Amino acid sequence: MALAEKATDVSGIADEDDLDEEPGEVIESAPPLKVGEEREFATYGLRKKLLKAGTGWETPEFGDEATVHYVGTLLDGTKFESTREREEPVTVKIGEGGVVKGLEHGVITMKKGEIALFTVPAELAYGVGGRGGDVPPNAAVQFEVELISWIAVVDLSKDGGIVKKILEKGKRNESPGDLDEVLVKYRAALVDGTIVAETPEEGIESYVKDGHFCPALAKSIRTMKRGEKARLIVQPQYAFGEKGRDANNGFESIPPISVLNIDIELLSFKPVIDVTGDGKVIKKILKEGESTSSAHEGATVTVSYIARLEDGTIFEKRGVDGMQPLEFITDEEQVIAGFDQAVATMKRGEQAILTIHPDFGFGSVEVRRDLAVVPPSSNIVFEVEMLDFIKERAPWELSNHEKIEAAGRKKEEGNLLFKKGKYHRAGKKYDKAADYVSEDVIFGDDELKLATTLRVSCWLNGAACSLKLNDFQEAIKLCSKVLGVEFHNVKALYRRAQAYMEISDLFSAELDIKKALEIDPQNREVKLIEKKLKQLQAESNKRDAKLYSNIFAKKLKVEKVENEKQAEAVTMKIATANTWASPSPDRKQSDC
């Protein structure tokens, strides 16, 4: 096959990496060619005329395997090569020199089914040597090319160890993650065709992170889309290496240092989500929801579920077998924490399995439920469906009057939680309340004062929560917001001073305390932390004095040692000088 022969080397022609720009890039940045139009692109005068438009928007890339029909002619129309006469297209790996360089750069601009005429200058064709008696030296040529199809080829391991050829693209643009449960079908064979592993026709389920068969499989599955079919060429280091594998399950053994060819299809996968980020609440999605948004916190949700122990014992049901579904408001502690947090992530119509650690379940106590007792420290499993939910109305959906009312309610809810010692949840209530009456909202004169008072109160209460939670930077931020509105607010100065003292910023704490006492000289709470501040300052001064004393003592010691060394050196010099100055008994004095 003449076209598939590697082009004659031509001095002065740059490699692909040396080209100023690739043809495909120019075509993509310019308006699409219309049928019958011709355009020159790239540095070396390659021209393309569109004869028939292709379908879709994707084009091949270097490294892909393209199947093409072509007819090669000289500029005078003399034909020197044609796959159409052989009635058999050829498959070329783009970028490996199987065809002339100009044609490789042309094919990567084509869409599936497209037919184009490429005029290729000699430098990108057969160069000064020509091609036998068919193409003269330094001759430009033309190729009429039809791109029938191509297989995307990806080097997954970046070292040639796992090469994936995509035989059929997936249906959706999403790939499984490490936690997901996948259903795959595959057949693995040696280079000689001997089958060494094969799944049932219906496939086999496993978790990506657990791996399966060989290391290359998990790495490859992470790159696949649902419904994708691919062929993997796996080198020994990503298969069974130098040890190989014994025969098992009726399949032949895998000799040491064997290359494997694996045909694989990702039939489906179930996304698995670590809700809490520590593996203690895991949600496996069995059926994806209908909507694009989740319930989120504060939504009124309606769910059905079956709750089990790990051994399968059912201890509770809702919304099944004639029972009423459960309705509750998320983030209100109306159900166990793990169930609450997981349900808040679900979409309408979504079905999932929740696996909940005792830290987010019933803890270390025994709990009697409707159908069974849950033993202490039990992992529990819920099979749950989100039937419906009503989201809490967002601030922008409310009138100004409704915003002020909602902020007041949230603030009161926060106050109740604060009294119960639930500072984290209380803080979230205060945050929501402040959002309803944020500074971005335009209130009328009558409403503005009330909204500002509510906002300041929520910031102050939020700062109190942050102090209880040892989040001192957040407390400082919230108090600073208050002081930006009311510079004379004693509570804000007091709480910010507390936070400054906790992070050992005693200077800033002293400034806030002085200002607070200037505003309210008799404030008992401020006087108490002033007393505490003075104690901290005394302790700090004492530590500093000790530190400087140690530094000074160390410095004196170093200076003493240096002085002693210098004195010793001077003494030795004097002694040496005296020795040379005194005549030796054995030495005769000079006459002169």
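For the structure, check the block above.
Model, not experiment: these values are computed from the prediction.

1. Brief notes about the nonpolar core
Ranked by internal contacts, the top residues of the largest apolar core, which has 45 residues, are Val-437, Ile-513 and Val-526. Of all the secondary structure elements, the ones that give two or more residues to this core are α6 (400–419), α7 (423–436), α8 (445–468), α9 (472–485), α10 (490–502), α11 (506–519) and α12 (524–581). In terms of residues, this core owes the most to one element, α8, which gives nine residues. For Ile-513, the residues in contact, after removing those within four places along its chain, are Ala-497, Met-501, Val-526, Ile-529, Glu-530 and Leu-533.

2. Quick word on the packing of aromatic side chains
Following the criterion strictly, the structure yields 12 aromatic pairs and no others. Ring geometry for Tyr-186 against Phe-213: centres 5.7 Å apart, planes inclined by 35 degrees, an arrangement best described as tilted. Residue Tyr-186 is found in strand β9 (residues 181–190), and its partner Phe-213 is found in the loop between β11 (204–207) and α4 (215–221); the two are separated by 27 residues along the sequence. Per residue, the accessibility class of Tyr-186 equals that of Phe-213, and both read buried. Seen from their ring centres, Tyr-305 and Phe-339 are 5.3 Å apart, and the 65 degrees between their planes marks the pair as edge-to-face. Taken together, the residues span a long stretch of sequence, with Tyr-305 in strand β16 (residues 300–309) and Phe-339 in helix α5 (residues 337–343) at a distance of 34 residues. Using a relative accessible area of 4% as the deciding quantity, one classes Tyr-305 as buried. Members of the aromatic cluster, joined through ring pairs, are Tyr-305, Phe-315, Phe-328, Phe-339, Phe-362 and Phe-382. The aromatic ring of Phe-269 is capped on one face by Arg-226, whose charged end is 4.2 Å from the ring centroid.

3. Let's talk about α9
The terminal C-alpha atoms of α9 lie 20 Å apart, and with 14 residues this matches the ideal 20 Å at 1.5 Å per residue to within 8%. Looking at α9, one finds that the buried residues are Phe-472, Ala-475, Ile-476, Leu-478, Cys-479, Val-482 and Leu-483. Residues of α9 that are buried make contact with α8 and α10.

4. As for the packing of α7 against α8
Between α7 and α8, the shortest axis-to-axis distance is 9 Å and the interhelical angle comes to 155 degrees. The orientation of α7 relative to α8 falls into the category roughly antiparallel. When the axes of α7 and α8 are compared, the crossing they make is left-handed. Residues Tyr-423, Ala-426, Gly-427, Tyr-430, Ala-433 and Ala-434 of α7 form the contact with α8, whose participating residues are Cys-458, Trp-459, Asn-461, Gly-462, Cys-465 and Lys-468. Looking at side-chain class alone, the contact of α7 with α8 contains eight nonpolar, three polar and one charged residues.

5. Topic: the packing of α8 against α9
Running from amino to carboxyl end, α8 crosses α9 at an angle of 160 degrees, the nearest separation of the two axes being 8 Å. Relative to α9, the element α8 is oriented roughly antiparallel. Crossing geometry of α8 relative to α9 is assigned as left-handed. Residues Thr-452, Val-456, Trp-459, Leu-460, Gly-462, Ala-463, Ser-466 and Leu-467 of α8 lie in contact with α9, whose contacting residues are Phe-472, Glu-474, Ala-475, Leu-478, Cys-479, Lys-481, Val-482 and Val-485. The class makeup of the residues in the contact of α8 with α9 is 11 nonpolar, three polar and two charged.

6. Quick look at the pairing of strand β5 (residues 90–93)
Of the two faces of β5, the one lined by Val-90 and Val-92 is fully buried and the one lined by Thr-91 and Lys-93 carries no buried residue. By the bridge criterion, four bridges tie strand β3 (residues 65–74) to β5 in an arrangement that is antiparallel. Bridge pairing in β5 places Glu-65 opposite Lys-93.

How each quantity is defined
- Residues numbered from 1 in each chain as written.
- Predicted model: local features only at pLDDT ≥ 70, side-chain atom pairs only at ≥ 80, totals over all residues.
- Heavy atoms only, no water.
- Core = buried A, V, L, I, M, F, W, Y, C linked by side-chain atoms within 4.5 Å.
- Buried < 20%, exposed > 50% of the residue type's maximum accessible area, 1.4 Å probe, protein only.
- Helix = DSSP H or I, 4+ residues; strand = E, 2+ residues; numbered from the N terminus.
- Contact = heavy atoms within 4.5 Å.
- Phe/Tyr/Trp six-rings, centres within 6.5 Å; stacked < 30°, edge-to-face > 60°.
- Lys NZ or Arg CZ within 6 Å of the ring centre and 35° of its normal.
- Expected span 1.5 Å × (residues − 1).
- Axes fitted to C-alpha atoms, helices over the stretch in contact; angles between N-to-C directions.
- Parallel < 35°, antiparallel > 145°, perpendicular 65-115°, else oblique.
- Left-handed = near helix turned anticlockwise from the far one by under 90°.
- Nonpolar A, V, L, I, M, F, W, Y, C, P; charged D, E, K, R; others polar.
- Pairing = 2+ DSSP bridges.

Everything listed here is a matter of geometry and, on its own, says nothing about what the molecule does.
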